[in-house]
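This is what each chain is made of:
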Amino acid sequence: MGSLNIENVKKAFGPVEVLKGINLEVTDGEFVVFVGPSGCGKSTLLRVIAGLEDSTSGRVVIDGQDVSATPPAKRGIAMVFQTYALYPHLTVKNNMGLGLKQANTPAAEIDRRIGIASSMLSLEPYLERRPAELSGGQRQRVAIGRAVVREPKLFLFDEPLSNLDAALRVNTRLEIAQLHRRLKATMIYVTHDQVEAMTLADKIVVLNAGRIEQIGGPMELYNSPANEFVAGFIGSPKMNFVDGARLGETAKTIGVRPEHLTVDPKSGAWKGTVVHAEHLGADTNLYLDCEKAGLITVRIFGVYDAEPGATLYATPDPAKTYRFGADGKVLK
Amino acid sequence: MSTATRSLPRTIGAHAILLTYTAIALFPVILVIMNSFKSRAGIFGAPLTPPTPGTFDLIGYTTVIGQGDFIHYFQNSLVVTVASLFFVLLFGAMAAFALSEYRFRGNSLMGLYLALGIMIPIRLGTVAILQLMVASGLVNTLTALILVYTAQGLPLAIFILSEFMKQVSDDLKNAGRIDGLSEYTIFFRLVLPLVRPSMATVAVFTMIPIWNDLWFPLILAPSEETKTVTLGAQLFLGQFVTNWNAILAALSLAIMPVLILYVIFSRQLIRGITSGAVK
């Protein structure tokens, strides 16, 4: 009971078209992540689903019901915002209960649901505090609790981890993943961080300039990207793109992921000099300036000693090399 | 104490400048209050000395309280100021919210139109306002003054408040919408408390000209019933003989209510003025 259909949704602010016809189907219980660079329209799409923005044309259908003209509070959704957006004048308990109170839910029921949500998110000691007395991580947990309490058909997350520091981000990410497993609710999550997308999603929707570039599971996007944009966006460090003509290939662009390149000091396909080496412990990122391929990144697992200025040969794994046509699409 | 950021000569210099300025700013006020407690001969004999047992005299205050209905004038001033302030803040904040929150055709044009009053003094329209008040039978009522002062205060209020309203987090308002709060609840419960410092700033800027105004009370409501304090004080200002004791006493008394309102707002005010700069 939490399916979502988006049918040809377009959104324009004046002459600027932000969404250029989005079609998407989300089945019950799915964790869908919208990912894309800033300005790609992912947040706008989420706002259209929430009803905070009206679409210029197209339909939003939640659970088989066209909600295009329904106010946000009546859509059966709950949203978690990047800036937490807690009510500063209310205690944690009242923050979580306000939506239910507005919907005339009996007080006993509100208390029961707050009890469940706060134990799930270990918020019990803070119920009587105000948001100002909480840390960033606690505030975001309250915001998540406020969404859980409403038992919505659809959870919407708008970059919920962006304001947290790195360590908290990993913890909260874990909590969201557990929450999804426990509630089995449909969740839609917006982020610009492809790591969050890969780790959380059942299904990733890659957006660029108001269009959907590709929809698929994390591994599907990683292993068979539909085009150059998706190939470049998913995976870190970013895929290397080499001009096909320089390699004597027929394809416009050749793409190789940094982890699908091997290096050898004596022989290989592309000769280059080390520009810079990043030692991360578990792996090493080498930046090579190659005669044929230009500046490329190579990711080597484990420790690899390479001084800047040294000569190395890089060889791509032919089975994991992508070929892109002039239109950016993958050539089969 | 750390001395990295302090040096004694600089501290002394800064304080000297500030103290000089404070003295200059306070001098006329102190002069007025000092002389209001002196006899007529004392005022003219030695205007710069504080009241001594020889010159101390409450004649000014007794005249003010005895002659004319000063308590009543005070009431009028207070009613007009507080009511105008209330309407300016209420309507100003609502208009500012609409301008900053909703996208509609002609939004920026409307903003410009509402801010136009900052550049055009309302007194230019005095004749038309008087005709309007005569036609609607509002001459010699406090309502006339409240209406005019509300109109006078709104442009600046809208201009300042809409800037501050733009800074209120969109996420917070959207969270309210998702929780089913009405736009009015969002405005009164979520947004207004967050812009309280700027409301205090606007309140002070609006209040002082209204309290001190002589022009409109003189033209629109000069009757005994509706006189304000500033107009009442004119009673003692003659063409040939001026009752300085009474005028100084009346002015000293007139400072009090503004001072009280200012103290109420000032704690918020400082935050309002500096919030844009440091955050």
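Residues numbered from 1 in each chain as written. Chains lettered and ligands numbered in written order. Predicted model: local features only at pLDDT ≥ 70, side-chain atom pairs only at ≥ 80, totals over all residues.

Caption draft 1: Structural view of the overall build of chain B. Scanning chain B for helices and strands turns up 13 helices and zero strands. Sequence-ordered secondary structure for chain B, helices as α and strands as β, is α-α-α-α-α-α-α-α-α-α-α-α-α. A buried classification covers 32% of the 279 residues belonging to chain B. Pairs at least 24 apart in sequence give 76% of the contacts found in chain B among residues at least 6 apart. (Helix = DSSP H or I, 4+ residues; strand = E, 2+ residues; numbered from the N terminus. Buried ≥ 20, exposed ≤ 12 C-beta atoms within 10 Å, placed from the backbone. Contact = placed C-beta atoms within 7 Å.)

Caption draft 2: Quick look at the overall build of chain A. Counting secondary structure elements, chain A contains eight helices and 18 strands. Principal-axis analysis of the C-alpha atoms places the extent of chain A at approximately 75 × 45 × 35 Å. With 332 residues in all, chain A has 41% of them scored as buried. Of all intrachain contacts in chain A linking residues separated by at least 6 positions in sequence, the fraction that spans at least 24 positions is 62%.

Caption draft 3: Examining the domain arrangement of chain B more closely. All names here are of chain B. If you check the domain split of chain B, you get domain 1 (1-57) and domain 2 (60-278). Domain 1 and domain 2 are separated by 30 Å when their C-alpha centres are compared. Residue-level contacts link six residues of domain 1 with seven residues of domain 2. For the side of domain 1 that touches domain 2, the secondary-structure elements that each account for two or more residues are α1 (8-36) and α2 (40-45). Here the side of domain 1 that touches domain 2 takes four residues from α1, the largest share from any one element. In terms of residue class, the side of domain 1 that touches domain 2 is built from three nonpolar, two polar and one charged. (Domains from an automatic or database assignment. Nonpolar A, V, L, I, M, F, W, Y, C, P; charged D, E, K, R; others polar.)

Caption draft 4: Layout of the sheet that holds strand β7 (residues 154-158) of chain A. Residue and element names in this part refer to chain A. Across the sheet, six strands lie side by side as β6-β7-β8-β3-β9-β10; this open sheet has mixed pairing. Pairing within the sheet leaves two strands with one partner each, and these edge strands are β6 (77-80) and β10 (211-216). Direction aside, the axes of adjacent strands within the sheet are offset by 20 degrees on average. Bridge analysis of β7 against strand β8 (residues 186-191) gives five bridges, and the strand direction is parallel. Paired with Phe 157 across the two strands is Tyr 189, which belongs to β8. Against the sheet, helix α4 (residues 136-149) makes contact with β6 and β7, and its axis sits at roughly 180 degrees relative to β6, the strand it touches most. (Pairing = 2+ DSSP bridges. Axes fitted to C-alpha atoms, helices over the stretch in contact; angles between N-to-C directions.)

Caption draft 5: The interface of chain A and chain B, seen in detail. The interface of chain A with chain B comprises 17 residues on the first partner and twelve residues on the second. Secondary-structure elements contributing two or more residues to the side of chain A that touches chain B are β6 and α2 (92-102) of chain A. Its residues placed into classes, the side of chain A that touches chain B shows twelve nonpolar, five polar and no charged.

Caption draft 6: Geometry of the nonpolar core. Core analysis: the largest hydrophobic core is formed by 130 residues, its most contacted members being A:Val33, A:Met79, A:Leu156, A:Ile188, B:Leu145 and B:Leu161. What A:Leu156 contacts, discounting residues up to four positions off in sequence, is A:Leu46, A:Ile49, A:Ala50, A:Ile77, A:Ala78, A:Met79 and A:Ile188. (Core = buried A, V, L, I, M, F, W, Y, C linked by C-beta atoms within 7 Å.)

Caption draft 7: Broad picture of the UniProt feature "transmembrane region" (unreviewed entry) in chain B. All names here are of chain B. The feature "transmembrane region" (unreviewed entry), as given by UniProt, occupies residues 12-34, 78-99, 111-134, 146-165, 186-211 and 244-265 in the numbering adopted here. The distance from the first to the last C-alpha atom of residues 146-165 is 26 Å, and the span holds 100% helix and 0% strand. Along residues 186-211 the backbone is 96% helical and 0% strand, and the end-to-end C-alpha distance reaches 32 Å. (UniProt positions renumbered as here; feature names shortened; annotations may be inferred.)

Caption draft 8: Up close: the UniProt feature "domain: ABC transporter" (unreviewed entry) in chain A. Residues annotated in UniProt with the feature "domain: ABC transporter" (unreviewed entry) correspond here to residues 4-234 of chain A. The straight-line gap between the two end C-alpha atoms of residues 4-234 of chain A is 25 Å; of that span, 37% is helix and 26% is strand.

Caption draft 9: Spatial organisation of the domain arrangement of chain A. For chain A, the assigned domains are domain 1 (4-230) and domain 2 (238-324). Inter-centroid distance (C-alpha atoms) of domain 1 of chain A to domain 2 of chain A is 38 Å.

Caption draft 10: Up close: the UniProt feature "domain: ABC transmembrane type-1" (unreviewed entry) in chain B. The UniProt entry lists residues 74-265 of chain B under the feature "domain: ABC transmembrane type-1" (unreviewed entry), expressed in the numbering used here. Along residues 74-265 of chain B one finds 77% helix and 0% strand; the C-alpha atoms at either end are 20 Å apart.

Caption draft 11: Region of the structure containing the sheet that holds strand β1 (residues 4-13) of chain A. Residues and elements named next belong to chain A. Strand order in the open sheet formed by four strands is β2-β1-β4-β5, with antiparallel pairing between adjacent strands. The sheet terminates laterally at β2 (16-26) and β5 (65-66), the two strands that pair on one side only. Pairing of strand β4 (residues 57-62) with β5, which is carried by two bridges, proceeds in the antiparallel orientation. Paired with Val 61 across the two strands is Asp 66, which belongs to β5.

Caption draft 12: Structural detail: the packing of α2(A) against α4(A). Residue and element names in this part refer to chain A. Close contact between α2 and α4 brings their axes to 8 Å; oriented N to C, the two are set at 30 degrees. By the angle between their axes, α2 is roughly parallel relative to α4. The two elements α2 and α4 meet at a crossing, and its hand is right-handed. The residues of α4 that touch α2, namely those facing Val 92, Asn 95, Met 96, Gly 97 and Leu 100, are Val 142, Gly 145, Arg 146 and Val 149. Looking at side-chain class alone, the contact of α2 with α4 contains five nonpolar, three polar and one charged residues. (Parallel < 35°, antiparallel > 145°, perpendicular 65-115°, else oblique. Left-handed = near helix turned anticlockwise from the far one by under 90°.)

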